[in-house]
Structures are given as C-alpha cells and as structure tokens.
Amino acid sequence: MRHSVKTIDAVSEKNKRVTITDIAAQAGVSKSTASLVLNGRSKEYRVSDETRDRILALASELHYQPSIHARSLRSHRSHTLGLVVPEMTNYGFAVIARELETLCREAGLQLLIACSDENPAQEMMAVNSLVQRQVDGLIVASSQLNDAEYQKINASLPVVQMDRLINGSTLPLVITDSVASTAQLVETVARQHPDEFYFLGGQPRISPTRDRLAGFQLGLERAGIVDQPEWIIHGTYHPSSGYEMFAGLCAHLGRPPKALFTAACGLLEGVLRYLTQHQLIDSDIHLCSFDDHYLFDCMTLKIDTVAQDCRGLAQHSFEMVTQLIDERPLAQSTLFLPGSIHWRHAGSLAQLAGR
C-alpha cells in the first residue's frame, strides 16, 4: 500500500506544471528576476548574461510553458481570435480556416471556430459564446440581415466581415469580386449555349447569392441574351438542395440542361451526385460553378470554375483584425479580391481561342 502511495505521489509530482517560482528556486534568483528573463526583459533591467543563461537553460530542461491566463492578465488580451463561418464542410471555408489557424499560430495566437449552419439565431449564440471567451477580435462570414448586433460588439472589440457583406454594413470587409469573375465565365459559356443556361443559387437574402446572380445576368447580357427569369432557381447552399433543384429541373426538361451554373461548390456537389446516381455523368451538359476544388482537375466531366483566393481572404482578414486590435488605422476598410477562372471544358477553351 505504501508503495502505491509513493507511485501516485511520483506521478502527481511528474505531472505538476512548472511555474516561474519553481524556476526561480532552482536558479537561486528571485521570482521577479526569473519573470523578467522569461518574458524577454533581461537586457532592459540589466540582468547579467550568466543569470539569464542559467534561467533559460533551466526553463528548457524543465519544459516550462508560460501561463496563458497570466499572460492575458498582464496584457489585458486573451490572444485569441474568433472565426464564424456557415459550415466547415464547405471546401472554401475549410481552406480559409486552415490558413487563418496557421497565421494565428505563427503570431502566437489561438483561433476559435464556430459554425452558424446559415442560421442567424445560431450564429449569434456562437458569437456571444466567443465574446464570453474574451476573444480579441472576430472574423465573420455572416448570415445576418443587418449588422446591428455586430456594431454593438464592434464597440468593444474589432469585427471584420469576410467573404460576405451584411446588407448596408460599414464594418471592415474582405471579399471576392464575384460579379466580375462570374460575368466573364458566364459570357463565354453563354455564347456556346444561348438558348438554355440555368442558374442554381442559395438564399437570395445573402450577398454571395446576390453577387453571383448579378454576375450571371451581366454575363448573359454581354453575350447578347435577354433576361430569362425562368432560368433562375434558388434554394440553400447545402448539397441536398443542389440535388433537389437539379432533380426538379431534369424532371421538368425531361433531360439534363444544356448548360448550368451553380453558385457554390456545395450545390455542385449535389448536382454531381444526381448525375452519378442516374448514370448521366457522361451527358453533354456544360457545367460551370463558382468555387473551385482541386479534384475537378481529375474528373472526366470537365467543369469551368471561378476560384476564390482563399489564402488572400484569410491573410487580409487576419491583417485587418490584428491591426484593429493593435489600434492601428486601416489603409482601406473594404478590399475586393479578384477571382480566377479555371477553364476545363473543351467548348470554353475553343471559344476563348477563337476570340
């Protein structure tokens, strides 16, 4: 029994967190001297090189890790950022989150991620949870109809909009110029299929749908096609919605459409699932979409896409929010990043070559 107690004590001692007090005691210095060295202020307070080296060597040997809570109390910051996105299964948001996590890690920050599932009420619950955790700033791809709640939050901590613009909001924004890139793609495809070109979009109330639809309509106009409202179909951005809209369209036409633009990768996923299940993957449909995925390069069915600069969206959002946290003025509060078109369909490539 006594042996078991010793073993438990040994484990407890082994798992005990090493503190500045422990380092100071073993180095034979005061706690304040150890603290100055471990916080990089030894030169400022003229701590000798010998003492500094001894403290740092002990800290390394004992695997000392500074307390995040103590650091927060000293700096009045939590050294965390909050990211709110509609869903993490979306490839674009997953890439942006990964890039942001890397940027935070390199800057000594932690990224906390919350998903809204395109639900405004759920979004605000997630945001309030992040605020309660005392994040230093928020980056949001919002589903809100207005920014009233975010403006209240912005009074105490910075909020940056990313990928989506809340109606009429003046909060800082980093977004893809989806109108210009979509119009360029749609114009080229519409010249090949002037009699039938459908649009599958998400909720009309959010900016990605409005902007990509505006680009679609502009592309048709440039191709000399008058407005065709029956070509426009709306649902949500879930793959299941893409499947259902496309199934309904095929049932209405009695076949797949000649050309189709999906407003997001998730909708395209639903379309591809329908085509696969109904042995239509080799049909003559000309598919194009907003959002890109590296797997599209491996498919036999060629898909023309608009790719967002996910790294740029993450980088500029991070720079904006950290500048605001540091109370530095922004050079510009609204930034539009260009989309890039990946041409894969033979007809599109031939159309471009003939211009």
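Residues numbered from 1 in each chain as written. Predicted model: local features only at pLDDT ≥ 70, side-chain atom pairs only at ≥ 80, totals over all residues. Heavy atoms only, no water.

Per an unreviewed UniProt entry, the protein goes by D-fructose-responsive transcription factor and derives from Serratia odorifera DSM 4582.

Undergrad: Please clarify how the domain arrangement of the protein should be interpreted in this entry.
TA: The extent of an interface is frequently quoted as the accessible surface area lost upon association of the parts. Here the protein is partitioned into domain 1 (20-66), domain 2 (80-175 + 310-336) and domain 3 (177-309 + 341-354). Distance from the C-alpha centre of domain 1 to the C-alpha centre of domain 3: 62 Å. (Domains from an automatic or database assignment.)

Undergrad: Where do I start with the sheet that holds strand β2 (residues 110-115) in this structure?
TA: Through backbone hydrogen bonds, the strands of a sheet pair up, either in parallel or in antiparallel fashion. Ordered by their spatial adjacency, 6 strands build an open sheet running β2-β1-β3-β4-β5-β11, and the pairing between neighbours is parallel. Edge positions in the sheet fall to β2 and β11 (334-338), since each of these pairs with one other strand and no more. For this sheet, the mean angle separating the axes of adjacent strands, direction not counted, is 20°. Relative to β11, strand β5 (residues 173-177) is paired through 5 bridges, and the arrangement is parallel. The partner of D177 across the bridge, within β11, is P338. Of the strands in this sheet, β1 (80-85), β3 (137-140), β4 (159-162), β5 and β11 are in contact with helix α13 (residues 310-325), which crosses β5 at around 160°. (Pairing = 2+ DSSP bridges. Helix = DSSP H or I, 4+ residues; strand = E, 2+ residues; numbered from the N terminus. Axes fitted to C-alpha atoms, helices over the stretch in contact; angles between N-to-C directions. Contact = heavy atoms within 4.5 Å.)

Undergrad: Before we go on, may I ask you to explain the pairing of strand β8 (residues 259-262) in this structure?
TA: Regular strands show a simple pattern: their side chains alternate between the two faces of the sheet. Burial along β8 is two-sided: A259 and F261 facing one way and L260 and T262 facing the other are all buried. One ladder, built from 3 bridges, connects strand β6 (residues 198-201) with β8; its direction is parallel. Paired with Y198 across the two strands is L260, which belongs to β8. For β8 and strand β9 (residues 286-290), the ladder comprises 4 bridges, and the chain directions are parallel. (Buried < 20%, exposed > 50% of the residue type's maximum accessible area, 1.4 Å probe, protein only.)

Undergrad: What's the story with helix α9 (residues 178-192) in this structure? I'm lost.
TA: Helical geometry note: an α-helix holds 3.6 residues per turn, so side chains three or four residues apart project in the same direction. Helix length check: α9 (15 residues) gives 22 Å between terminal C-alpha atoms against 21 Å at 1.5 Å per residue, within 8%. Residues S178, S181, T182, A183, L185, V186, E187, T188, V189 and A190 constitute the buried set of α9. (Expected span 1.5 Å × (residues − 1).)

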